[in-house]
Amino acid sequence: MPLEEYVTKLEKVRVVRAKKRDGLIRARLLGASVATAEVLIFLDSHCECTKGWLEPLLDRISQNQSNVVVPIIDILDDQTFKYHPSSAKYMNIGGFDWNLQFKWYLIPDREKKRRMNEVDPVWSPTMAGGLFGISREYFEYLGAYDPGMDIWGGENLELSFKIWMCGGVLEQVLCSHVGHVFRHRSPYTWRSGTNVLKKNSIRLAEVWMDEYKKYYYERINFNLGEFGDITSRKELRKKLQCKSFDWYLKNIYPELVLPSEALASGEIRNKALGVVGGKQHPMCIDSAVNNKARNKPVKLWPCHGQGGNQFWLLSKDGEIERDDSCIDFAGDFVKIFPCHGMKGNQEWICGLDNTIRHRNTNLCLQSSDNGTKLEMKPCTGIDHQIWYWRRRSTAASLRRENTSLIPGVR
């Protein structure tokens with residue numbers, strides 16, 4: 001049955017079609033532009049609402065129109081559509097990392113202390129973006145979504161930052177539950193040669209992140225490219241007299257670790273050249289840090305200077321990490337593992353001689369003979385054991401161990 005025919009049987013429902021395929025962001029802007037109710041509820045198409053899901057959201061907005069509300073997001077199996085309810089007691093709230101990617105994290109103690117009881121809404125620094133309710137007047141007051149963003153990606157963080165920095169509150173409402181299908185892959189077809197998510201993230205950073213935007217730019221090696229005109233978005237922020245991003249980090253998301261606290265950052269380049277495709281290349285430590293990469297060997301790949309999987313931080317505790325994942329050695333192979341903060345297999349000493357020594361085993365990180373694999377060998381100082389960090393924070397107090405070991409610097 002055609003969709004238009006199906007919705008004729010439903011009260012208050014109509015289909016509004018764009019003239020061309022414009023992506024999620026502009027589709028939502030189109031829907032908001034023709035909506036007539038006082039409250040806008042945004043839901044992904046792959047959702048299932050439970051009985052009584054709407055009233056708790058509307059109640060919070062009725063109390064204050066600058067309350068922006070998110071339901072508890074339960075899981076719908078992407079193969080069977082079976083509904084898997086979750087307990088509000090074990091819920092997570094939204095954050096982000098310095099790749100400007102949304103992430104879930106546990107409710108911090110400061111937020112538990114703020115709430116009067118277990119059913120009170122939970123303040124969340126960011127939202128996933130697919131499911132939320134907002135006063136139409138407040139949505140328009142905030143400038144809606146950035147119309148210069150394309151397709152999908154970054155719009156959830158932009159709206160989250162605006163809500164908090166411009167006088168609102170973003171909260172998860174525990175008495176509202178909506179099921180959501182979490183896909184294993186993106187359904188979008190991206191234009192060839194265009195990194196839409198990067199463009200959107202740069203627009204977000206330029207307008208809202210003030211001096212902290214440099215931490216995202218480090219991840220993309222300061223390669224901004226073309227991201228469109230942001231004059232009107234900057235004027236919007238000035239007009240609304242929004243708070244600074246420094247205020248946001250200190251008051252709303254103090255749990256986020258700043259890269260400035262790291263002793264070294266950027267690519268980790270081996271002194272020896274590697275051979276890939278029959279040609280010699282400078283080689284860098286390279287690995288994804290998502291769930292699929294965990295417990296997998298960390299590899300070497302030709303240095304590309306674009307950050308991404310070759311961007312690393314050296315923490316004050318000797319961890320070589322990125323986004324809560326650490327380079328770990330348990331005696332078998334060098335792998336990616338969640339950072340646990342207990343040093344042990346994840347503590348590395350970066351020396352004056354530019355070696356990277358594993359404290360537990362006293363072995364050194366070494367590139368293989370062809371330069372494509374990571375090995376752990378007795379420290380001898382050969383070229384395959386010499387590593388150069390891209391940058392080191394001059395403000396950081398350097399870790400020292402007997403022989404004044406410091407991060408290697410190129």
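Model, not experiment: these values are computed from the prediction.

Procedures and definitions
Residues numbered from 1 in each chain as written. Predicted model: local features only at pLDDT ≥ 70, side-chain atom pairs only at ≥ 80, totals over all residues. Heavy atoms only, no water. Helix = DSSP H or I, 4+ residues; strand = E, 2+ residues; numbered from the N terminus. Contact = heavy atoms within 4.5 Å. Areas by Shrake-Rupley, 256 points an atom, 1.4 Å probe, with all protein chains shown as cover. Buried < 20%, exposed > 50% of the residue type's maximum accessible area, 1.4 Å probe, protein only. Disulfide = S-S within 2.5 Å. pLDDT = per-residue confidence, 0-100. Core = buried A, V, L, I, M, F, W, Y, C linked by side-chain atoms within 4.5 Å. Phe/Tyr/Trp six-rings, centres within 6.5 Å; stacked < 30°, edge-to-face > 60°. Lys NZ or Arg CZ within 6 Å of the ring centre and 35° of its normal.

Participant: Would you take a moment to explain the overall build of the chain for this structure?
Facilitator: Each helix and strand counted, the chain has ten helices and 21 strands in total. By principal-axis analysis of the C-alpha atoms, the chain measures approximately 75 × 50 × 45 Å. Within the chain, residue pairs in contact and separated by at least 24 positions form 65% of the contacts whose partners lie at least 6 positions apart. Summing over all exposed atoms, the chain offers an accessible surface of approximately 21,100 Å²; the carbon and sulfur share of this is 51%.

Participant: What is the right way to read helix α6 (residues 155-165) from this model?
Facilitator: Helical geometry note: an α-helix holds 3.6 residues per turn, so side chains three or four residues apart project in the same direction. Across the eleven residues of α6, eleven count as buried, placing the element largely inside the fold. For α6, the complete set of buried residues consists of Glu155, Asn156, Leu157, Glu158, Leu159, Ser160, Phe161, Lys162, Ile163, Trp164 and Met165. Gly167, located one to two residues past α6, shows a positive phi value of around 100°.

Participant: Help me understand the state of the cysteines in this model?
Facilitator: The term disulfide refers to a covalent linkage connecting the sulfur atoms of a pair of cysteines. Applying the stated rule across the entire model yields four disulfides. The partner cysteine of Cys284 in its disulfide is Cys303, sulfur to sulfur 2.0 Å. Judged by the sign of its S-S torsion, about 100°, the bond between Cys284 and Cys303 is right-handed. Taken as a pair, Cys284 in strand β11 (residues 279-286) and Cys303 in the loop between β12 (299-302) and β13 (312-314) lie far apart in primary sequence, 19 residues in all. For the unlinked cysteine Cys47, the closest cysteine sulfur is that of Cys49, found at 6.6 Å. Cysteine Cys350 is unpaired, with the sulfur of Cys364 as its nearest cysteine sulfur at 10 Å. Take Cys350: its relative accessible area is 4%, and that puts it in the buried class.

Participant: Mind showing me how you'd approach the confidence of the model for the chain here?
Facilitator: Atom-level detail of predicted coordinates should not be read off regions where pLDDT is low. On average, residues of the chain carry a pLDDT of 88, and 93% of them reach 70 or more. For residues 394-410, every residue scores under 50 in pLDDT, and the model assigns this stretch 54 contacts once sequence neighbours within four places are set aside.

Participant: For this particular structure, what's the right way to read the nonpolar core?
Facilitator: In summary, soluble globular proteins display a tendency toward joint burial of nonpolar side chains. In this structure, Phe96, Phe132, Ile134, Phe139, Phe161, Phe245 and Tyr248 are the most contacted members of the largest nonpolar core, which totals 57 residues. Top contributing element to this core by residue count: α6, with six residues. If you look at the next biggest cluster of nonpolar residues, it comprises 23 residues, including Trp312, Ile327, Ile336 and Leu365.

Participant: Looking at this structure, how should I read the packing of aromatic side chains?
Facilitator: To describe a pair of aromatic rings, you give the distance between the ring centres and the angle between the ring planes. Applying the stated rule across the entire model yields 20 aromatic pairs. Where Trp123 meets Trp164, the ring centres are 5.5 Å apart and the plane angle is 65°; that geometry is what we call edge-to-face. On the criterion of sequence distance, the pair formed by Trp123 in strand β7 (residues 122-123) and Trp164 in helix α6 is long-range, its members being 41 residues apart. Taking the relative accessible area as the measure of exposure, Trp164 reaches 4% and is therefore buried. Put simply, the rings of Phe96, Trp98, Tyr105, Phe161, Tyr212, Tyr215, Phe245, Tyr248 and Tyr253 pair up and form one aromatic cluster. The cationic tip of Arg114 hangs over the ring face of Trp123; the distance from NZ or CZ to the ring centre is 3.8 Å. Its guanidinium or amino end placed over the ring of Trp312, Arg322 lies 4.5 Å from that ring's centre, counting from NZ or CZ.

Participant: Looking at this model, I keep getting lost on unusual backbone geometry. Mind explaining?
Facilitator: Residue Asp210 is not a glycine yet carries a positive backbone phi of 50°. Following the sequence through the fold, Asp210 ends up in the loop between α7 (196-208) and α8 (213-219). By relative accessible area, Asp210 is classed as partly exposed at 24%. Here Asn221, not a glycine, exhibits a phi torsion of approximately 55°, which is positive. When you line up the elements, Asn221 lands in the loop between α8 and α9 (231-240).

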